[in-house]
Number of protein chains: 2
Amino acid sequence: MNANTESEGFSDAVVSGEARAGDSAPVAAASWSARLLRALLRAIGEPPIEVVLWTGERVVVSGAPVLSRIHIHDRATLFGLLRDPFVRFGDAYSSGHIEVDGDLVQTLSVILGDEQTREANPSILDRLARWVHRPKRNSLAGSRDNIHHHYDIGNAFYALWLGETMAYTCAYYPNSDATLDQAHIAKMDHVCRKVRLKSGDSVVEAGCGWGALALHMASRYGARVRAFNISREQLSYARDRAKALGLSDRVEFIEDDYRNISGRYDAFVSVGMLEHVGIEHYPELGRVACNAMKSEALGLIHSIGRNRPAPLQPWIERRIFPGAYAPALSEMSRIFEPWHLSVLDIENIRLHYALTLRDWLRRYRAAEERVRELFDGEFVRMWRLYLAGSIAGFETGTLQLFQVVFTTGQNNRVPMTREHLYSCAPAMSS
Amino acid sequence: MNANTESEGFSDAVVSGEARAGDSAPVAAASWSARLLRALLRAIGEPPIEVVLWTGERVVVSGAPVLSRIHIHDRATLFGLLRDPFVRFGDAYSSGHIEVDGDLVQTLSVILGDEQTREANPSILDRLARWVHRPKRNSLAGSRDNIHHHYDIGNAFYALWLGETMAYTCAYYPNSDATLDQAHIAKMDHVCRKVRLKSGDSVVEAGCGWGALALHMASRYGARVRAFNISREQLSYARDRAKALGLSDRVEFIEDDYRNISGRYDAFVSVGMLEHVGIEHYPELGRVACNAMKSEALGLIHSIGRNRPAPLQPWIERRIFPGAYAPALSEMSRIFEPWHLSVLDIENIRLHYALTLRDWLRRYRAAEERVRELFDGEFVRMWRLYLAGSIAGFETGTLQLFQVVFTTGQNNRVPMTREHLYSCAPAMSS
């Protein structure tokens, strides 16, 4: 359809007084469409949003000041929303059948904020929707398909907005002035310090993305790294980079599933892979980690999570990350407990992911014309919605980001305090 | 029976060559008792321990160098061990029917180390034992009985070995030179920093022991504290101390169950109470914490835990801590997940409890004559075994110590990093 109409400068002064009168005084001769829309808005918690229908009718059910305006361009889109609001909103936004006039992140946040409340007391409809939208399975072949869907759409695309490191996971902002690239390097150092990495250590990495962490461990800490990934595009990029940096002898990028890791190492790390593992495979991941760790090794798993078990937002799971799931800590414990792995440290850096995503979205929006050339307008809007929705997810507390450090059950050579993680300790990298 | 025969200077050179030949070459004409004992030692994993029977027979089944010698003084004691080794060893040690010649902690450690392995694959006997030894219930009345059993045996007794602070929980040793009292103060500061305590803050404490933390929060951080406890002896001590320190107007010690906490506070803390709550009450504790927390409050729960769900050692549960349980993290999540509480930080300081207990045991042993005057020899040995066994529990990784920091689900005013916990940050206490 058309270019984005989102504007940061939306003002609620333009909302008509009629619409703002709210549901208690229905507009005379409101259409069936407007009535159905009202019911839908009430069901999702009366967000302070004005909806403009293709008929020109304006609907607001909240008594609070309106934050943004959503345009629904035809009847079929509205009916789609009524049938499956979870998925259809995203699809219609992508195709341009829905447009948002106002701050996209804020608009999604007010909807997500209420979703959290509903999660606590799911209706039969919610439960049904969860079953319909249960994640795809992550068998060896299924994982390959699921990962290909997301990570093999082209390094050129990701290079437009991920920044220098090409790290596609939550960064760590040591202070509010840090740039995206600085925050990614700080995150990699944070991870290396958490596993007490030192020169000569051997590391196995399960799911290495474009290789930034593996290369950082080798170049800055003198580690030898074997890094596993099943995305061919990412591996090709990572190997080129290793060659360019002269690190090919210290970092081995292996195209294989984490389940085929062999050998024993001084550290096991997995950053941003757990989301794709599938909860039914958590004990298997724990067994792989346990077998890969020397008796005094430290392990680290970094993953998006939740405060309580709940499925991933189903549009994200269907269109962006097939097979993905963000676990609660009770679920993550299925990785560790069967193998007597001892959890030493869990840090929740949720708000750092909101900062990371805001940096990504800013860069993405600046590159939208280029993305349109690579793909099309629908793709542009789909990824814009995904990034904005993810910010909303982390800012509303719908999503968390857990870093878990663990070791084998009888290892007594563990750091006594965590002071070495912070700047008061001598930096371990040179 | 008699005074303790444990000696730190035990040498395995005195063990007879015959006994060290091990099981593969059974001593001619071994008694039925010796044969049964061999079966028992094999069942608990062939610890490198020599056992001397009342007949003078010496039994060793391990091929490894012998670490210590256990004397069993009569047939009834051996038969008791065969029926219920979990509880009878502790009872017989207390009564003097069993004596240990060698390092008591090390002796218990080799037995516990194997218990961990058995836990992973419990036999039917192990499962039966778990059921027989399931913990006592912690209803309001049950809790009162259980707590009275342990904490009301006399402040004079605890004052002999707990140190200046009378803190009866895991301390935190910022360096290896720290004394017990310094480590307890460092632990209280660690807790206060974790909940970002500042002057004027209101705090509710669930289970306050002898009041050390509540008084520290008021005197060093300027907080106002309401501290709940159901041990009358402890409260009496705590109130006297508040009066002596001129803090009665800032710290209120309340004789009531944590379930009756009311009001909303800037911080919720509970240090060393969860062990007594009972797993079936975890969601209730979470509800109490959630209701007691302002929307931007931080909470902290400090508890003994496990790497995987397992019952407390049954002699400890029966004789020392009725109703107690050390949860795995999957179990602790039942506190948080039902209420959308967000876990921000989990630190496992297991080895600090081993250090704390070693300091306590050293002081306890120096005070044993005084303990005997207050109680009797059986009591002296019972508590010696409990302290030594607890050291073994933490050093073998059978027990963990978790500090969990959490907040309400939608609180975005949380610390971005944990740097403020460490000495590089300006200390919050004056």
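Residues numbered from 1 in each chain as written. Chains lettered and ligands numbered in written order. Predicted model: local features only at pLDDT ≥ 70, side-chain atom pairs only at ≥ 80, totals over all residues.

1. Details of the overall build of chain A
Condition: Secondary structure counts use DSSP, requiring at least four H or I residues in a row for a helix and at least two E residues in a row for a strand, with both numbered from the N terminus. Our exposure labels follow a C-beta count within 10 Å of each residue's own C-beta, placed from the backbone: buried means 20 or more other C-beta atoms, exposed means 12 or fewer, and partly exposed covers the counts in between. Contact criterion: two residues are in contact if their C-beta atoms, reconstructed from the backbone, are within 7 Å.
Of regular secondary structure, chain A possesses 17 helices and 11 strands. Out of the 430 residues belonging to chain A, those deemed buried represent 49%. Residue pairs in contact within chain A that sit at least 24 positions apart in sequence constitute 74% of those at least 6 positions apart.

2. Notes on unusual backbone geometry
Residue and element names in this part refer to chain B. One non-glycine residue, Glu 46, lies in the positive phi region at around 55°. If you trace the backbone, Glu 46 turns up in the loop between α2 (32-43) and β1 (49-52). Judged by C-beta crowding, with 18 C-beta atoms within 10 Å, Glu 46 ranks as partly exposed. The backbone of Arg 196 sits at a positive phi, close to 50°, despite the residue not being glycine. Mapped onto the fold, Arg 196 is located in the loop between α9 (180-194) and β5 (202-206).

3. Here we look at the interface of chain B and chain A
The line we're drawing: Strands qualify as paired when DSSP identifies two bridges or more between them.
Contact residues are listed per partner, giving 35 residues for chain B and 36 residues for chain A. Every element with two or more residues in the side of chain B that touches chain A is listed here: α5 (104-120), α14 (329-336) and β10 (342-348) of chain B. With seven residues, β10 of chain B is the single largest residue contributor to the side of chain B that touches chain A. Here three bridges tie strand β10 (residues 342-348) of chain A to β10 of chain B, and the two strands are oriented antiparallel to one another. From the neighbouring strand, Glu 347 of chain A faces β10 of chain B, where its bridge partner is Asp 345 of chain B.

4. Observations concerning the packing of helix α3 (residues 75-83) of chain B against helix α4 (residues 85-95) of chain B
Residue and element names in this part refer to chain B. Under the convention used in this document: Comment: axis = line fitted to C-alpha atoms, over the contacting stretch for helices; angle = value between 0 and 180 degrees taken between N-to-C directions. For classification purposes, an angle smaller than 35 degrees is called roughly parallel, one larger than 145 roughly antiparallel, one from 65 to 115 roughly perpendicular, and anything else oblique. Rotating anticlockwise by less than a right angle from the far helix to the near helix defines a left-handed crossing, while the corresponding clockwise rotation defines a right-handed one.
For the pair α3 and α4, interaxial distance at closest approach is 6 Å and the crossing angle is 150°. With respect to each other, α3 and α4 are oriented roughly antiparallel. In this structure, α3 meets α4 at a crossing whose hand is left-handed. Here Thr 77, Gly 80, Leu 81 and Arg 83 of α3 come into contact with α4, specifically with Pro 85, Arg 88, Phe 89 and Ala 92.

5. As for the relation of the copies chain B and chain A
Heads up, the condition is: When the copies are superposed, the least-squares fit draws on C-alpha atoms of residues that have pLDDT of at least 70 in both.
Once turned by 180° and shifted 0.0 Å along the axis, chain B lies on chain A with an RMSD of 0.0 Å. When the rotation and shift are considered jointly, the pair of chain copies conforms to a two-fold rotation axis.

6. Things to note about the environment of Val 105 of chain B
Residues and elements named next belong to chain B. Relative to the helices and strands, Val 105 is located in helix α5. Classification of Val 105 as partly exposed rests on a count of 19 C-beta atoms within 10 Å. In the structure, Val 105 is positioned 62 residues away from Ala 43 in sequence and 21 Å away in space, judged by C-alpha atoms.

7. A short note on the domain arrangement of chain A
The cut-off we apply is this: Marked domain ranges trace back to an automatic or database domain assignment.
With domains assigned, chain A is organised as domain 1 (32-132) and domain 2 (140-349 + 398-423). Relative placement of domain 1 of chain A and domain 2 of chain A: their C-alpha centres are 35 Å apart.

8. Let's talk about the confidence of the model for chain A
Residues and elements named next belong to chain A. Counted only if it meets this: pLDDT runs from 0 to 100 and stands for how confident the predictor is about each residue.
On average, chain A scores 88 in pLDDT, and the residues at 70 or more come to 84%. Low pLDDT, under 50, characterises residues 425-430; the predicted model gives this stretch 10 contacts beyond four residues in sequence or across chains. Note on the complex model: pTM 0.90, ipTM 0.90.

9. A short note on the nonpolar core
Here is the rule we go by: Working definition: the nonpolar core is a set of buried Ala, Val, Leu, Ile, Met, Phe, Trp, Tyr and Cys residues, joined through C-beta atoms within 7 Å.
Residues Met 217 of chain A together with Met 217 of chain B are the most contacted members of the largest nonpolar core, which totals 251 residues. What Met 217 of chain A contacts, discounting residues up to four positions off in sequence, is Cys 192, Leu 197, Val 203, Ala 223 and Val 225 of chain A.

10. Observations regarding the sheet that holds strand β2 (residues 58-59) of chain B
With respect to topology, four strands assemble into an open sheet ordered β2-β1-β3-β4 (chain B), the strand pairing being mixed. Single-partner strands in this sheet number two, and they are β2 and β4 (98-101) of chain B.

11. Points about the sheet that holds strand β3 (residues 68-72) of chain A
Taken in spatial order, the four strands of this open sheet run β2-β1-β3-β4 (chain A), and their pairing is mixed. If you trace the sheet from one side to the other, it starts and ends with β2 (58-59) and β4 (98-101) of chain A, each paired once.

12. Quick word on the environment of Pro 322 of chain B
Residue and element names in this part refer to chain B. With respect to the helices and strands, the residue Pro 322 is situated in the loop between α13 (314-320) and α14. Looking at Pro 322, the number of C-beta atoms within 10 Å reads 20, which means it is buried. Residues Pro 322 and Glu 255, 67 residues apart in the sequence, show an inter-C-alpha distance of 20 Å.

13. Things to note about the pairing of β3 of chain A
Residue and element names in this part refer to chain A. Counting buried residues in β3 gives four out of five residues, a clear majority hidden from the surface. With four bridges joining them, strand β1 (residues 49-52) and β3 adopt parallel strand pairing. From the neighbouring strand, Val 52 faces β3, where its bridge partner is His 71. Of the strand pairs in this sheet, β3 and β4 are connected by four bridges, and their pairing is antiparallel. What sits directly across from His 71, in β4, is Glu 99.

14. Overview of the environment of Ile 185 of chain B
By the secondary structure assignment, Ile 185 of chain B is in helix α9. The sequence separation of Ile 185 of chain B and His 216 of chain B amounts to 31 residues, and the corresponding C-alpha distance is 8.3 Å.

15. Notes on helix α11 (residues 232-244) of chain B
Residue and element names in this part refer to chain B. The test is simple: Expected helix span is taken as 1.5 Å per residue step, with the number of steps being one fewer than the number of residues. By definition, the arc is the one covered by directions from the helix axis to the C-beta atoms.
Taking 1.5 Å as the rise per residue, α11 with 13 residues should run 18 Å; its terminal C-alpha atoms sit 18 Å apart, in good agreement. Regarding α11, the residues found buried are Gln 234, Leu 235, Ala 238 and Ala 242. Along α11, the residues classed as buried sweep out an arc of 95° about the axis, all on the same side. Residues of α11 that are exposed and point more than 90 degrees away from the buried face comprise Lys 243 and Ala 244. At the exit of α11 stands Gly 246, carrying a positive phi of roughly 70°.

16. Concerning helix α15 (residues 350-366) of chain A
Residue and element names in this part refer to chain A. Spanning 17 residues, α15 covers 25 Å between terminal C-alpha atoms, matching the ideal 24 Å at 1.5 Å per step. In terms of burial, α15 is a largely internal element, 12 of the 17 residues being buried. All of the buried residues along α15 are Arg 350, Leu 351, His 352, Tyr 353, Ala 354, Leu 355, Thr 356, Leu 357, Asp 359, Trp 360, Leu 361 and Tyr 364. Where α15 is buried, its residues contact α9 (180-194), β10, α16 (368-374), α17 (377-395) and β11 (400-407).

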